[in-house]
Amino acid sequence: MTSAATHPDVSPPEHTLRLTVTGMSCAACVGRVEQALRGVEGVKQADVNLASETAQIRFVAPASEQGLRTILDGAGYPAVDDSVADTPDLSERKTQEADDLRQRLLIAAALALPVFVMEMGGHLYPPFHHWIMRTIGTQASWLVQFVLTTLVLIGPGRGFYQKGIPSLLRGAPDMNALVALGTLAAYSYSTVATFLPVLLPADVRAVYFESAAVIVVLILLGRTLEARAKGRTGAAIRALIGLRPKTALRVQDGQPVEVAIDDIVTGDTLLARPGERIAVDGVVVEGISHVDESMITGEPLPVAKSGGDSVTGGTVNGTGALQIRATHVGADTMLAQIIRMVEEAQGAKLPIQAMVDRVTMRFVPAVLVVAAMTVLAWLILGPQPVLTHALVAGVAVLIIACPCAMGLATPTSIMVGTGRAAELGVLFRKGDALEQLQGVRLVAFDKTGTLTKGQPELTDFVTAPGFDRAEVLRFVAAVEQASEHPIAAAIVAAADGDLPIAEKFGAIAGYGVAATVAGRRVMIGADRLMQRRKIDITPFGSEAARLAATGKTPFYAAIDGELAAMIAVSDPVKSDSAAAIAALHAAGLQTAMITGDNARTAQAIAAQLGIDHVVAEVLPKGKVEALESLRAQHGAVAFVGDGINDAPALAAADLGLAIGTGTDVAIESADLVLMSGDLKGVLAALHLSRRVMGNIRQNLFWAFGYNAALIPVAAGVFYPLFGWQLSPMLAAGAMSLSSVFVLSNALRLRYVEVPELTQEGVT
């Protein structure tokens, strides 16, 4: 028996866990949660997102799921497993939260309004103050305000104290702690003035019940608007989930039976009726129809489907009925994978967020210090009544400085931006690719299947004198029918009718193929095969040079040792490739093509498309070396490819973009996936990246600028010059509006449109 000690290099298995974290209200909360998770032995990475209220954790033993949940519970932020099927999504959670907050807001507003009118009405309209004095008197007015404000604080405002006071006692104050301290300070001072006035000098006997009550109302208003806005940030995920049918028709004993989508297993035969959504990924076994795949690829035209064609779950069947054999179900379907990619991208943390986190982790404690210093400064230096001024300034600082907007600035833009990208057919597998795209200086492309269609077509078939074109084509196609080369398929497709049988087939490595057809020896290959067999190809010399110059690959056919035909095959360039290259140039980027094809063909295609740099005749390893060389010369490089041989280059590039119609290996190696097969996705990704990063910078400028500008005003720095002193109520309103502004600005990304490609670039 071999013990574990014999293999000390064996690493424990790594796990990934996604949790929905409740109770977070500001950027400081994010820092506390991450700090708690990262302090657990075995946790390798923990990223917490305030906008999506999720934590993504990578860990190994001795860390465990239950242990991580226990840690979060102890930190005051209970968590649930986000993978549980009945866990409501962000939109549902936020709708429920907004409804709850709305009820609390209405109750708080109803109780606070009389308090505000009683206290502030007299300041705004002096006769009203005199009327209060004549009717119920000052003391009775204060008692009414005390009762109503107490009801506001212990009712709708209770949550601020339930969360804020414990966080303060743990030495990890958050936004709730600031609100709790500010409102309790105003409430406690007013209560002393009401019931124990002898403890206060006569000139400072005043109440601020209206400040405590209205602060709660305004912050509840801000949180209600914030919850509604947060729910809208998950619109893309909600739309994707909505594409998944809940039931399907399974064919049993020749009859369709409706079953739940979760009961379908691989191998089941399903019936997709006209106009229905296809339930799971599969292969058509019977029927002919057109399928609308626009929600997956972004392409508006329906795609013809018949026996043997693959279909994707969530797409819409056209006018024909299809019987489909299920190949991927549940979490393995393309739609499920897309949803998972978008969720992971939305939960990602950009490098720019690291700076925000460092600031906000220290921000709330710093605010507490500033508030204490503000109170002390007013007590020492302030005018009479110093206690009143000190209280107003200290509470205003506590309320104005809540770092909600800081914590929302980056993640909300990422959520909305990556969601909009998914709607446009661009999947950010890694959220930080949004920021990395900004640094790209050169975009390199694979040729086959990326710049070209990846489906070779027979373009020219020129016979020598004395040979019949149709007969030679049939002979050549008969030989190529035994070959697996893509070029062979193009030739066979061009031949009409039944083909004769090829015998004694053999491949001559690096040269071509040969076989006997109808008793005649047929050879097909490049010029070097003809030269090797002493067959003169000079009659086609000028024509061959012309074809090569246009990016076509010429080769030859000989029958019984005599030159019979020159054949040219071309992989057509995609219709939008030239426009995409022009658009990249217009955006200030250089372009390159890295391909295993021969240099002459590659140069011809590069010239046709306007590509700046060409690296040809390279193996997959050579593509990686070519990228390193281009990076050394030009800076950060993005690589666009679709095949298995592109996977090393996609992984090695600063940013890998996989064509979604390509192989799974290529997609897994990429940072971004372009679901449609055309190159407008590259431009869409670049455009979205710039818009999202611009939006993040706007949000951060507002969030930090707001605090930098208003904390000094709240502290009373401008009071000696202009007599400005910020009311705590105005501070609460401004703080709430700052978060709403950031969310509203991020939500503008839902309507970003990608410029259309033209032959000159983009419009």
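Residues numbered from 1 in each chain as written. Predicted model: local features only at pLDDT ≥ 70, side-chain atom pairs only at ≥ 80, totals over all residues. Heavy atoms only, no water.

Thoughts on unusual backbone geometry
1) Next: Cis geometry is adopted by the peptide bond preceding Pro 62, which originates at Ala 61 and carries an omega value of 15 degrees.
2) Next: Its place among the elements puts Pro 62 in the loop between β3 (54-59) and α2 (65-75).
3) Next: Cis peptide bonds are those with omega within 30 degrees of zero, and the linkage from Gln 384 to Pro 385 qualifies with -10 degrees.
4) Next: Tracing the sequence through the fold places Pro 385 in the loop between α12 (351-381) and α13 (386-400).
5) Next: With phi around 60 degrees, Lys 534 is a residue other than glycine that occupies positive phi space.
6) Next: Checked against the element boundaries, Lys 534 lands in the loop between α19 (527-532) and α20 (541-549).
7) Next: What makes Lys 534 exposed here is its relative accessible area of 76%. (Helix = DSSP H or I, 4+ residues; strand = E, 2+ residues; numbered from the N terminus. Buried < 20%, exposed > 50% of the residue type's maximum accessible area, 1.4 Å probe, protein only.)

What about the side chain of Lys 574?
1) Next: Relative to the assigned elements, Lys 574 resides in the loop between β21 (562-570) and α21 (577-586).
2) Next: Despite its burial, Lys 574 remains without a salt bridge, the nearest opposite charge being carried by Asp 576 at 6.4 Å.
3) Next: A polar atom in the side chain of Lys 574 sits 3.2 Å from the backbone oxygen of Thr 450. (Lys, Arg positive; Asp, Glu negative; His and termini not counted. Salt bridge = Lys/Arg side-chain N within 4 Å of Asp/Glu carboxyl O. Polar contact = N/O pair within 3.5 Å; in protein donor to acceptor, adjacent residues only side chain to side chain.)

What to know about the packing of helix α14 (residues 404-423) against helix α26 (residues 680-715)
1) Next: Interaxial distance between α14 and α26 falls to 9 Å at its minimum, and their mutual angle equals 165 degrees. One element, α14, and the other, α26, form an angle in the roughly antiparallel class. Considering only the axes of α14 and α26, their crossing is right-handed. Taking contact as the criterion, the partners of Ala 405, Met 406, Ala 409, Thr 410, Thr 412, Ser 413, Ile 414, Gly 417, Arg 420 and Ala 421 in α14 are, on α26, Leu 688, Val 692, Asn 695, Ile 696, Asn 699, Leu 700, Ala 703, Phe 704 and Asn 707.
2) Next: Among the residues forming the contact of α14 with α26, the class breakdown is 11 nonpolar, 7 polar and 1 charged. (Axes fitted to C-alpha atoms, helices over the stretch in contact; angles between N-to-C directions. Parallel < 35°, antiparallel > 145°, perpendicular 65-115°, else oblique. Left-handed = near helix turned anticlockwise from the far one by under 90°. Contact = heavy atoms within 4.5 Å. Nonpolar A, V, L, I, M, F, W, Y, C, P; charged D, E, K, R; others polar.)

Some words on the sheet that holds strand β10 (residues 303-305)
1) Next: On the basis of which strands lie adjacent, the open sheet formed by 3 strands has the order β10-β9-β12 and antiparallel pairing. Each edge of the open sheet carries a strand with a single partner, namely β10 and β12 (316-317).
2) Next: Pairing between strand β9 (residues 289-292) and β12: 2 bridges, direction antiparallel. Residue pairing in the sheet places Val 291 in a bridge with Asn 317 of β12. (Pairing = 2+ DSSP bridges.)

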